[in-house]
Structure formats: structure tokens, C-alpha cells
Amino acid sequence: MAPRRRASVYPAKHVLHAVLAEVAAVNAFSAAHILDKRRSGCCKVQHLPSRRAERRQQQQQARGGGARRTIYYGTNVQGYVVVSCTAALAKDAWPTCAKGTAFRPIRLHRWVAAVAPGKIACHQCDVPSCIAWGCIVCYTASANNADTHKRRRRKRQRDAAA
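Our next topic: helix α6 (residues 141-150). Those residues of α6 lying buried are Asn 144, Asp 147 and Thr 148. Projected down its long axis, α6 carries its buried residues within an arc of 100 degrees, all on one side. In α6, those exposed residues whose orientation departs by more than 90 degrees from the buried face are Ser 142 and Lys 150. Those residues of α6 that are buried lie in contact with β4 (120-123) and β5 (136-139). Positive backbone phi, at 60 degrees, marks Arg 152, one or two positions downstream of α6.

See below:
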């Protein structure tokens, strides 16, 4: 029996570049700025590709032109940009949940920085909607907790009890 090939944590790079191009098109930065590791400026996502654009693509498809939209954008409760897809794209390129039955939404900043499983993507700029590679560092959970205390974003347990 052949060994089972482990599914990738993130979709292919060409899918990432297409997603970044869509996000950059409706914001005040370019896809090149997002991927520049040396750039220190923030790429805060203020606008997401909208449902209006999706309807426009569906109308084009109905007229015989344009492809069906396969990527969906949103934000979660913490303010991170989340990307998910339809089954048409997912069957080939999208990671699934642990049971393998559903397609997993991906936080865009983790995908840009290619954060390994078990690591945490931390924003040096403290802006959850930032997706710039230069603002994201990978930490372990303990290093992330130390950083939050150092920046005074969380009180220590013994300080909170007092």
C-alpha cells in the first residue's frame, strides 16, 4: 500500500497571487507590496471584493463570458481577513478540515506568510486586517504570550486577580 500523501496546508501559490490581486485591486496597495518582506508599511485591508463584483461576474457568465467566482472573502470576529472557496476550486487545491469533509477557511495573513502548523502568525503592527508579509512574524504560543505581555495587550493572571 502506497503511503498517503499529506494534503498541503495552503492552496497553490498561483491561487494566492490571484487572491492578492483581487484584494489589492479594491485597496490602496499592490500585490507586490504585500509580498515584499523588506517593506515596513502596513497593508491594512479596508475593502473586500464585494458581492456586487460576484453578481457582475455571474451576469457575464450568463452572457457567455467570464468564469464563475470561486473565492469568497470575509472577516472573522477578531478582524482577520478570511478566504474560502467553492467546491469547484476546492477539490483540487484547497485544504480540508481534519475529517476531510469540508473546505477550511484560511486566514489570509497566515497564507501570505506561509506559517507552519503549530506556529502563530503575529502582527508586529498590531493590526489584525494587515496582510503585509513584512509585518508578520511566526512565533510559538509561549513567545506570542510573552510578546502580548511585553506590549501590554494582556494582563498577567496574577495582576488581573489583584
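Following the structure, the description resumes.
Another point: the pairing of strand β2 (residues 81-85). In terms of burial, β2 is largely enclosed, as four of its five residues are buried. Relative to β2, strand β1 (residues 71-75) runs antiparallel, the two sharing five bridges. Of the residues in β2, the one forming a bridge with Gly 74 is Val 82. By the bridge criterion, two bridges tie β2 to strand β3 (residues 106-107) in an arrangement that is antiparallel. From the neighbouring strand, Val 83 faces β3, where its bridge partner is Ile 106.

The next subject is the pattern of salt bridges. Counting across every chain of the model gives two salt bridges. Between Asp 147 and Arg 151 there is a salt bridge whose closest N-O contact spans 3.3 Å. Residues joined by salt bridges that share partners form a network here, namely Asp 126, Asp 147 and Arg 151.

This part takes up the sheet that holds β2. Spatially, three strands are ordered β1-β2-β3 in an open sheet, and the strand pairing comes out antiparallel. Of all strands in the sheet, those with a lone pairing partner are β1 and β3, marking the two edges. Packing against the sheet, helix α1 (residues 13-25) makes contact with β1 and β2, and its axis sits at approximately 60 degrees to β1.

This paragraph deals with unusual backbone geometry. Not every positive phi belongs to a glycine, and Ala 114 is a case in point at roughly 50 degrees. Counting through the fold element by element, Ala 114 comes out in the loop between α5 (108-113) and β4. Overall, Ala 114 belongs to the partly exposed group, its relative accessible area being 47%. With phi around 60 degrees, Asp 126 is a residue other than glycine that occupies positive phi space. As for its position among the elements, Asp 126 is in the loop between β4 and β5.

What follows covers the confidence of the model for the protein chain. Chain-level statistics for the protein chain give a pLDDT mean of 77 and a share of 70% at 70 or above. In the model, residues 1-6 has pLDDT below 50 throughout and makes one contact with residues more than four positions away in sequence or in other chains.

Our next topic: the layout of surface pockets. Volume-wise, the largest pocket comes out at about 370 Å³. Forming the boundary of the largest pocket are 17 residues, of which Tyr 80, His 123, Asn 144, Thr 148 and Arg 153 lie nearest the centre. Those elements that provide at least two residues to the lining of the largest pocket are α5, β4 and α6. Sort the elements by how many residues they give to the lining of the largest pocket and β4 lands first, with four residues.

With that out of the way, let us pick up the side chain of Asn 144. Mapping Asn 144 onto the fold places it in helix α6. Residue classification places Asn 144 among the buried residues on the basis of a relative accessible area of 16%. Every residue in contact with Asn 144, bar those within four places of it in the chain, is listed here: Ile 120, Cys 122 and Tyr 139.

Conventions and cut-offs
Residues numbered from 1 in each chain as written. Predicted model: local features only at pLDDT ≥ 70, side-chain atom pairs only at ≥ 80, totals over all residues. Heavy atoms only, no water. Buried < 20%, exposed > 50% of the residue type's maximum accessible area, 1.4 Å probe, protein only. Helix = DSSP H or I, 4+ residues; strand = E, 2+ residues; numbered from the N terminus. Arc of directions from axis to C-beta. Contact = heavy atoms within 4.5 Å. Pairing = 2+ DSSP bridges. Salt bridge = Lys/Arg side-chain N within 4 Å of Asp/Glu carboxyl O. Axes fitted to C-alpha atoms, helices over the stretch in contact; angles between N-to-C directions. pLDDT = per-residue confidence, 0-100. 1 Å grid on protein atoms, 1.4 Å probe; cavity = no way out; pocket = protein on both sides within 12 Å on 5 of 7 lines; lining within 4 Å. Points joined across faces, edges and corners; volume = space filled by probe spheres on them.

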